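# Structural overview
Listed here are the chains, written in short residue letters.
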Amino acid sequence: MKIAIYGQSYQDNALKYVFELLEELAKMEATVVIEEEFYGLISAKRPNPTYLTFDHNTGLDANFDLFVSFGGDGTILRAVTFVGDLGIPIVGINTGRLGFLSTYKKEEVRNMMQAFISGDYTVVERSLVSILASPEIEEFKGQNFALNEVTVSRKDTTSMITVETHLNDEYLTSYWADGLIISTPTGSTGYSLSCGGPVITPTAQSLVITPIAPHNLNARPLVISDDTVIRIKVSGREDKHMVSLDSRLASIANGKELVVQKADFTIKMIEYASESFLKTIRNKLLWGQDKRN
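Presented here is a report on the structure given in the accompanying data block. (Residues numbered from 1 in each chain as written. Predicted model: local features only at pLDDT ≥ 70, side-chain atom pairs only at ≥ 80, totals over all residues. Heavy atoms only, no water.)

### So, the overall build of the protein chain
For the record, the criterion: The helix count covers DSSP runs of H or I at least four residues long, the strand count covers runs of E at least two residues long, and both are numbered beginning at the N terminus. As a reference, a globule follows 2.2 Å times the number of residues to the power 0.38, and the radius of gyration itself is taken over C-alpha atoms. Buried means the residue's accessible area, taken with a 1.4 Å probe over protein chains only, is under 20% of the maximum for its type, while exposed means over 50%, and partly exposed covers the values in between. We call two residues in contact whenever any of their non-hydrogen atoms come within 4.5 Å of each other. Note on areas: these come from Shrake-Rupley sampling with a 1.4 Å probe, and a residue is covered only by the protein chains present in the view. We score Asp and Glu as negative and Lys and Arg as positive, and we do not count His or the chain ends. Every charge is mapped onto a representative atom, which is NZ of Lys, CZ of Arg, CG of Asp or CD of Glu.
Each helix and strand in the protein chain was counted, giving six helices and 18 strands. In terms of overall size, the protein chain behaves like a compact globule, its C-alpha atoms giving a radius of gyration of 20 Å where 293 residues would be expected to give roughly 19 Å. Judged by the C-alpha coordinates and their principal axes, the protein chain covers about 60 × 50 × 35 Å. Counting only residues that meet the buried cut, the protein chain has 48% of its 293 residues in that class. Contacts in the protein chain between residues at least 24 apart in sequence constitute 66% of all its contacts with a sequence separation of at least 6. For the protein chain, the exposed surface amounts to about 14,000 Å²; the carbon and sulfur share of it is 46%. Averaging the positions of the 28 positive and the 36 negative side-chain charges in the protein chain gives two centres separated by 6 Å.

### Observations concerning the pattern of salt bridges
So the rule is basically this: Salt bridges, as used here, are contacts in which a Lys or Arg side-chain nitrogen is within 4 Å of a carboxyl oxygen on Asp or Glu.
Taken as a whole and assessed by the stated rule, the structure comprises twelve salt bridges. Salt-bridge contacts for D61 lead to K2; the nearest nitrogen and oxygen are separated by 3.8 Å. Of this pair, D61 sits in the loop between β3 (52-54) and β4 (66-71) while K2 sits in strand β1 (residues 2-7), and the two are 59 residues apart along the sequence. Here D61 falls in the partly exposed class, since its relative accessible area comes to 27%. What makes K2 partly exposed here is its relative accessible area of 25%. Residues participating in the shared-partner salt-bridge network are E20, E23, E24, K27 and R110.

### Some thoughts on helix α2 (residues 36-45)
Going by this rule: Working note: the arc is built from the helix axis to C-beta atom directions. For this analysis, a polar contact is any N or O atom pair within 3.5 Å, provided that within protein one partner can donate a hydrogen and the other can accept it, and provided that sequence-adjacent residues contribute only side-chain to side-chain pairs.
Of all the residues in α2, the buried ones are F38, Y39 and I42. In a view along the axis of α2, the buried residues occupy a sector of 100°, so they form one face of it. Of the residues in α2, the exposed ones pointing more than 90 degrees away from the buried face are E37 and A44. For α2, the N-terminal cap is E35; the gap from its side-chain oxygen to the backbone nitrogen of E37 is 3.3 Å.

### Considering the packing of aromatic side chains
Note the following rule: Two rings belonging to Phe, Tyr or Trp (six-membered ring only in the last case) form a pair when the distance between their centres is within 6.5 Å. Interplanar angles under 30 degrees mark stacking, angles over 60 mark edge-to-face geometry, and anything in between is tilted.
Counted by the stated rule, this structure contains nine aromatic pairs. With 5.0 Å between their ring centres and 50° between their planes, Y6 and F82 make a pair best called tilted. Here the residue Y6 occupies a position in strand β1, and F82 occupies one in helix α3 (residues 73-83), the gap between them amounting to 76 residues. The class for Y6 is buried, based on a relative accessible area of 6%. Accessibility expressed as a relative area gives 10% for F82, which makes it buried. Both rings, one in F116 and one in Y121, keep their centres 5.0 Å apart while their planes meet at 15°; by these two values the pair is stacked. Classification of F116 as buried rests on a relative accessible area of 9%. Y121 sits in the partly exposed class, given a relative accessible area of 26%. Through a chain of ring-to-ring contacts, three or more aromatic side chains come together here, namely Y6, F54, F67 and F82.

Now the structure itself:
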């Protein structure tokens, strides 16, 4: 069994659960490979056996059985950039506040591995969006995909931008707003939700177009089929605007056409019955709870 581990810097009391996982994997005689920078962090806290490491270019392949992400939802979004189209299942161990992606409690990390070994889980395939431009956007070379969303937004100005939008070569509208979010079902519980977009279950074959603070109140979020090809072009008072793929940013010139569409691969997320998407929604959004008292 081959296991990859990734995390980011956080409080020392959360690192003890990383060490618990390593101890459990040692009992299972698993091959463990740790992300290079994270390995440096945990090695500085406690001497460990020597582990192999990986980065964005080397160390991972399709033969891995599991990719464990320690942190929050943002950590999983970064984990996706390592996994890419390799098809390695990802599980998120939450080390802070409850997230929509990183849901498994850090205190139960040993139980998580035991459940994985016994096959007591399901694999949910999450769709991604990709962005195409000519010439290619330098900051996104080799990683022009996002699990949550593609966002265009204003840069260096308080003025709104205009986002001309076409769906499958048919003109939709020109959004006059602070920006525009094109979200996957996974991303529907992120930035899109905070801007008034709907919650969509992870396996729905849809995308959501959500304007950010639109000038016209009749500019509402729009749910479309995920086989739609979306073309957008930004204009505004400044020469450039921002484009983000999840947490990765690029500044590009206004007038450049961007093509956004569903990526040609998916991300496999491990889901345990005890930590299902619907349970997370209920807990996170307080659904079904009477808060009047």
